[in-house]
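The residues making up each chain are set out below.
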Amino acid sequence: MTTSATSGTGGPTGNSLRRALRRARDGVSLDVSEAAVLLQARGEHLEDLSASAARVRDAGLEAAGRPGVITYSKSVFVPLTRLCRDKCHYCTFVTVPGKLRRAGHGMFMSPDEVLDIARKGAAAGCKEALITLGDKPEDRWPEAREWLDAHGYDDTIAYVRAISIRILEETGLLPHLNPGVMTWTDFQRLKPVAPSMGMMLETTATRLWSEPGGPHHGSPDKEPAVRLRVLEDAGRSSVPFTSGVLIGIGETYEERAESLFALRKVSRAHRGIQELIIQNFRAKPDTAMRGMPDAELDELVATVAVARLVLGPSACLQAPPNLVDSEYGRLIAAGIDDWGGVSPLTIDHVNPERPWPRIEELAEKSRAAGFELRERLCVYPEFVRRGEPWLDPRLRPHVAALADPETGLARPDALPEGLPWQEPDEAFTATGRTDLHRTIDTEGRTGDRREDFDEVYGDWEALREAAVPGMAPERIDTDVRDALRTAADDPEKLTDAEALALFHADGPALDALCRVADDVRKSVVGDDVTYIVTRNINFTNVCYTGCRFCAFAQRRTDADAYTLSLDQVADRAQQAWDVGAVEVCMQGGIHPDLPGTAYFDIARAVKERVPGMHVHAFSPMEVVNGATRTGLSIREWLTAAKEAGLDTIPGTAAEILDDEVRWILTKGKLPAATWTEVVTTAHELGIRSSSTMMYGHVDQPRHWLSHLRTLADIQRRTGGFTEFVTLPFVHTNAPVYLAGIARPGPTVRDNRAVTAMARLLLHPHIPHIQTSWVKLGAEGAAEMLRSGANDLGGTLMEETISRMAGSSYGSYKSVKDLIAVAEAAGRPARPRTTLYGEVPEERVRAAETSDGHLPELLPVLD
């Protein structure tokens, strides 16, 4: 057999092959071993397998509303740079700086060179600019770094973003980006400039990367775990994504099957893989694998058929037509429904020896197999029709100019024309239920969930499977009494084992733990319970991030959705100042129409209206959103925000700083490492922040310990945290609870243990521990004051996020109410500033006069 795929056993038995074929015919789900058997089908067995796959494909096309249609994208291929930090043993696309110089080429294509190709493509009726390049060339080649520096780009991704905008504005072609391995932040930077992106998984066989002589050895970006993380991040970021497998590079049939199942898992979890490419290896001269035999056509046909059966009817499968020697009929019969990008203008720079077929020939061959060839865009029809959050608002006009609104396919008569790439107009027009901050307490929310509940959060079944390991409690062998003695003697000496034992304490042991924590509290900050007269202003609840714990976020068309105008934000700040507030805390949803500069406008509006007001605003998620939308670095964006009036940032969006938990709780929110980057950068700029932890959902004490250790480490390095805020999970309307995955919030025992352990594990680095009356109520907050907490947070005046989630403790507390909570704990109370300083006497008097209450005439609807 002239192929690199082997089973290691001499091939499947006749019985196993017949059984697997029968299961395929009957539509029964296959497992990995059965898929590996079917990958070896040949002759009549392969025809039987292909027939089963074709039936599944046809059912999917019927359900999608395009029966008998096979698609392609008319494109131009733009090799932005052929430099790469990887060393794949079969690749002829990649070269070295010396060869580029000798050929008279730059390290990157210039903007003029790119736009010349794009303009010619637009004139020829192409609609896609396929931008392909090597992975992070500046990390390996000084010449690449020098080129980027000379042209004003921080990195390759910045150039990709800039050139994509120029293609959109000057030619109207839609960029499809293949920049290799991307981080979550890279996706945020590129999503506004490209309707789709891609990266081949190739294989999950780690040995082909880790073992010397393997095709991917020496290539850091080809580690399967890294590439799978990219696919996950694409789904979390709601980026329509193309991936696939490369067959015949030394993988076994079992490894090939495992790769297909890995792709299915990602596809089901996030529903963001728009297309899978099944590509056959072709040996090329002047490569380390030049002597490797090509993957045979039967190998390709069998893999296409098995991929169709594994991925199901809704998957879109492509096989590159220039790699199959005109055997188009066999691929159609095996279950493909797409030919990929085909260019009438440019060569396939990855396989330059294999010319594209003429589109007319593809149409003829497709017709002979009973299919109509139809043109699509680089972004697949399903995602065109889905719209938000899959298409950024800045790209909607460009996609709409070329797409048939009914089918989502390309309009045959559409010719690309450059359109402005710009932020949406009228970002701060007051819309929707702008009185929600008040009526949430009187009228409640319209429904317990968003109308797109079943789509926006990903696949609930996949999440249930992922959540199971985290839900299992761990065995604790450490003696609690010994741990209590360590805590009382010196909390800094607590080992992880001792800390976990204390997190599980109950009964008398828990009482003792809380007494130890309260003693530490008294020695550090005294008996005063502090509070702040503040107002929450949630300027919009429109958000498509897909946090599964959040009941606040709404689609723009939902009954409870709203966005405030800048005047309304400033009015609310003024009203708060009039009743004694020293701070406004402002956060909002990640509204797709708000430009990255909107946050500057919000801070500036408050400072212009109330110069003395402290602006505590914008979570790390909002910071990243603002930075990626403006093209600024996190440091540059925070600097600009500070100049606009930002004083401190809330340390929300942390949830649990463990990605094992985060990716169950959230779909598109920033990873733990990025949260850390934002807060540490803010601290370095003199912008202090709070710190938080939301607990009691799919987490366990080991996650709480890791989270608190992370915060303590950051504080040791920066000293920038003002306090730590415990945020018990409010479950009532939380999607992850309604789907039956999360627990119904923490128990009273959990709350006491977390508060006490926060005091001990953060000592002496973060002296202030805040409890949340919004989530716990007055009695619960008083109990936490006896368990190590010393701060009650703010009067809030309005609170929508917890109330939308189902909290029953109201939206505000008066100054007298907060003093009463402290008295219930047997302690005095005093007001504070955001930075825990003394409150000016004038502010104290204003708060005492009003008792922190807003006027009754709120809100004012425009």
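Residues numbered from 1 in each chain as written. Predicted model: local features only at pLDDT ≥ 70, side-chain atom pairs only at ≥ 80, totals over all residues. Heavy atoms only, no water.

Thoughts on the overall build of the protein
Each helix and strand counted, the protein has 35 helices and 20 strands in total. By the compact-globule yardstick of 29 Å for 862 residues, the protein fits well, its C-alpha radius of gyration being 29 Å. Considering only C-alpha atoms, the protein reaches an extent of 85 × 60 × 55 Å along its principal axes. Counting only residues that meet the buried cut, the protein has 63% of its 862 residues in that class. Here the protein has roughly 31,200 Å² of accessible surface; of this, 50% comes from carbon and sulfur atoms. Averaging the locations of the 98 positively and 124 negatively charged side chains of the protein gives two centres separated by 2 Å. (Helix = DSSP H or I, 4+ residues; strand = E, 2+ residues; numbered from the N terminus. Rg over C-alpha atoms; globule rule 2.2 N^0.38 Å. Buried < 20%, exposed > 50% of the residue type's maximum accessible area, 1.4 Å probe, protein only. Areas by Shrake-Rupley, 256 points an atom, 1.4 Å probe, with all protein chains shown as cover. Lys, Arg positive; Asp, Glu negative; His and termini not counted. Charge placed at Lys NZ, Arg CZ, Asp CG, Glu CD.)

Remarks on the sheet that holds strand S14 (residues 583-587)
Reading across the sheet, the 3 strands line up as S12-S14-S15 and stay open at both edges, with parallel pairing between neighbours. Whereas interior strands pair on both sides, the edge strands pair on one side only; in this sheet they are strand S12 (534-538) and strand S15 (614-617). The sheet shows a mean angle of 25° between the axes of neighbouring strands, taken without regard to direction. Sheet analysis places S14 next to S15, joined by 4 bridges and oriented parallel. Note that in S15 the partner of cysteine 585 across the bridge is histidine 616. (Pairing = 2+ DSSP bridges. Axes fitted to C-alpha atoms, helices over the stretch in contact; angles between N-to-C directions.)

Describing the packing of aromatic side chains
This model, assessed by the stated rule, comprises 18 aromatic pairs. Ring plane angle 70° and centroid distance 5.9 Å describe the contact between phenylalanine 187 and phenylalanine 241, whose orientation is recorded as edge-to-face. Residue phenylalanine 187 is found in helix H8 (residues 184-190), and its partner phenylalanine 241 is found in strand S5 (residues 241-247); the two are separated by 54 residues along the sequence. For the residue pair phenylalanine 187 and phenylalanine 241, the accessibility class agrees, reading buried in each case. Both rings, one in tyrosine 328 and one in tryptophan 339, keep their centres 5.4 Å apart while their planes meet at 70°; by these two values the pair is edge-to-face. With tyrosine 328 in helix H13 (residues 328-334) and tryptophan 339 in strand S8 (residues 338-342), this pair connects stretches of sequence that are 11 residues apart. The same class applies to tyrosine 328 and to tryptophan 339, which are both buried. An aromatic cluster of three or more residues is present, and its members are Phe539, Tyr599, Phe600, Phe618 and Trp637. (Phe/Tyr/Trp six-rings, centres within 6.5 Å; stacked < 30°, edge-to-face > 60°.)

With respect to the environment of leucine 148
Relative to the elements of secondary structure, leucine 148 occurs in helix H6 (residues 142-150). Placed 40 residues apart in sequence, leucine 148 and phenylalanine 108 show a C-alpha to C-alpha distance of 8.6 Å.

Some details on helix H3 (residues 44-64)
Helix length check: H3, at 21 residues, gives a terminal C-alpha distance of 30 Å against a target of 30 Å (1.5 Å per residue), a fit within 8%. Of the positions making up H3, those classed as buried are Leu46, Leu49, Ser50, Ser52, Ala53, Ala54, Arg57, Gly60 and Leu61. As for H3, its buried residues are in contact with helix H1 (14-25), helix H2 (32-38), strand S1 (69-81), helix H12 (297-311) and H13. Immediately downstream of H3, the backbone of glycine 65 shows phi near 85°, a positive value. (Expected span 1.5 Å × (residues − 1). Contact = heavy atoms within 4.5 Å.)

Considering the pattern of salt bridges
Taken as a whole, this structure holds 56 salt bridges when the rule is applied. Between aspartate 233 and arginine 236 there is a salt bridge; the shortest N-O distance is 2.9 Å. Residue aspartate 233 and its partner arginine 236 are located together in helix H10 (residues 224-236), separated by 3 residues, close to a single helical turn. Both residues of the pair, aspartate 233 and arginine 236, belong to the buried class. (Salt bridge = Lys/Arg side-chain N within 4 Å of Asp/Glu carboxyl O.)

Let's talk about the pairing of strand S17 (residues 721-728)
Of all 8 residues making up S17, 8 are buried, and the element is well covered by its neighbours. Two strands pair when backbone bridges link them, and strand S16 (residues 689-695) and S17 are joined in this way by 6 bridges, in the parallel orientation. Within S17, the position partnered with serine 689 by the bridge is phenylalanine 721. Handedness of the β-α-β unit built from S16, helix H29 (residues 701-718) and S17 comes out right-handed. (Right-handed = clockwise from strand over helix to strand, strands pointing away.)

What about the pairing of S1?
For S1, the buried fraction is high: 13 of the 13 residues fall into the buried class. Sheet analysis places S1 next to strand S9 (residues 372-376), joined by 5 bridges and oriented parallel. The residue of S9 that forms the bridge with serine 73 is arginine 376. Across 3 bridges, the pairing between S1 and S8 is parallel. Paired with threonine 71 across the two strands is aspartate 338, which belongs to S8.

Regarding the packing of helix H21 (residues 496-503) against H29
In contact at an axis separation of 10 Å, H21 and H29 are set at 125° when each is read in the N-to-C sense. By the angle class used here, H21 and H29 are oblique. The hand of the H21/H29 crossing is right-handed. Contact with H21, carried on its side by Asp496, Ala499, Leu500 and Phe503, involves Pro701, Arg702, Trp704, Leu705, Leu708 and Arg709 of H29 and no other residues of that element. Classifying every residue of the contact of H21 with H29 gives 7 nonpolar, no polar and 3 charged. (Parallel < 35°, antiparallel > 145°, perpendicular 65-115°, else oblique. Left-handed = near helix turned anticlockwise from the far one by under 90°. Nonpolar A, V, L, I, M, F, W, Y, C, P; charged D, E, K, R; others polar.)

Some details on helix H7 (residues 156-170)
For H7, built from 15 residues, the straight-helix expectation of 21 Å at 1.5 Å per residue is met to within 8% by its first-to-last C-alpha distance of 21 Å. Most of H7 is tucked away: 11 of the 15 residues are buried. Immediately beyond the C-terminal end of H7, within one or two residues, lies glycine 172, with a positive phi of roughly 85°.

As for the side chain of arginine 394
Checked against the element boundaries, arginine 394 lands in the loop between helix H15 (381-386) and helix H16 (396-400). A polar atom in the side chain of arginine 394 sits 2.9 Å from the side chain of aspartate 392. (Polar contact = N/O pair within 3.5 Å; in protein donor to acceptor, adjacent residues only side chain to side chain.)

Focus on the confidence of the model for the protein
Of all residues in the protein, 91% attain a pLDDT of 70 or more, and the chain-wide mean is 90. Contacts from residues 857-862, a stretch scored under 50 in pLDDT, to residues over four places away or in other chains number 15 contacts. (pLDDT = per-residue confidence, 0-100.)

Notes on unusual backbone geometry
Here the bond from glutamate 388 into proline 389 is cis, since omega is 5°, no more than 30 degrees from zero. In this fold, proline 389 is placed in the loop between H15 and H16. Of note, the amide linkage connecting histidine 763 to proline 764 takes the cis form, showing an omega dihedral of -5°. Note on placement: proline 764 falls in the loop between helix H31 (748-761) and strand S18 (769-770).

Considerations on the state of the cysteines
A full pass over the atoms with the stated rule returns 0 disulfides. Left unpaired, cysteine 88 is separated from the closest cysteine sulfur, that of cysteine 91, by 6.1 Å. There is no disulfide at cysteine 126, and the cysteine sulfur nearest it, in cysteine 378, is 12 Å away. (Disulfide = S-S within 2.5 Å.)

A word on the nonpolar core
By size, the foremost hydrophobic cluster in this structure holds 124 residues, and its most contacted members are Met586 and Trp675. Other than its neighbours up to four places away in sequence, methionine 586 contacts Ile537, Phe539, Val569, Ile602, Val606, Val615, His616, Ala617 and Phe618. One finds Leu46, Val114, Leu377 and Ala414 within the second-largest nonpolar core, a separate group that totals 119 residues. (Core = buried A, V, L, I, M, F, W, Y, C linked by side-chain atoms within 4.5 Å.)

Let's talk about the side chain of arginine 832
Note that arginine 832 resides in the loop between strand S20 (829-831) and helix H35 (841-850). Here the side chain of arginine 832 touches aspartate 791 through a polar contact of 2.7 Å, side chain to side chain. Aside from chain neighbours lying at most four places away, what touches arginine 832 is Thr530, Tyr531, Ile532, Val582, Glu723, Gln770, Asp791, Gly793, Gly837 and Val839.

Comments concerning the packing of H10 against helix H11 (residues 253-270)
One can describe the packing of H10 onto H11 by two numbers: an axis separation of 9 Å at closest approach and a directional angle of 20°. Overall, the two elements H10 and H11 adopt an arrangement that is roughly parallel. H11 is crossed by H10, and the crossing has right-handed handedness. Residue-level inspection shows Leu228, Leu231, Glu232, Gly235 and Arg236 of H10 in contact with H11, the latter providing Ala262, Leu263, Val266 and His270. The class makeup of the residues in the contact of H10 with H11 is 5 nonpolar, 2 polar and 2 charged.

Describing the environment of glutamate 382
With respect to the helices and strands, the residue glutamate 382 is situated in helix H15. In this structure the C-alpha to C-alpha distance between glutamate 382 and aspartate 567, which are 185 residues apart in sequence, comes to 39 Å. For glutamate 382, the residues in contact, after removing those within four places along its chain, are Ala64 and Arg66.

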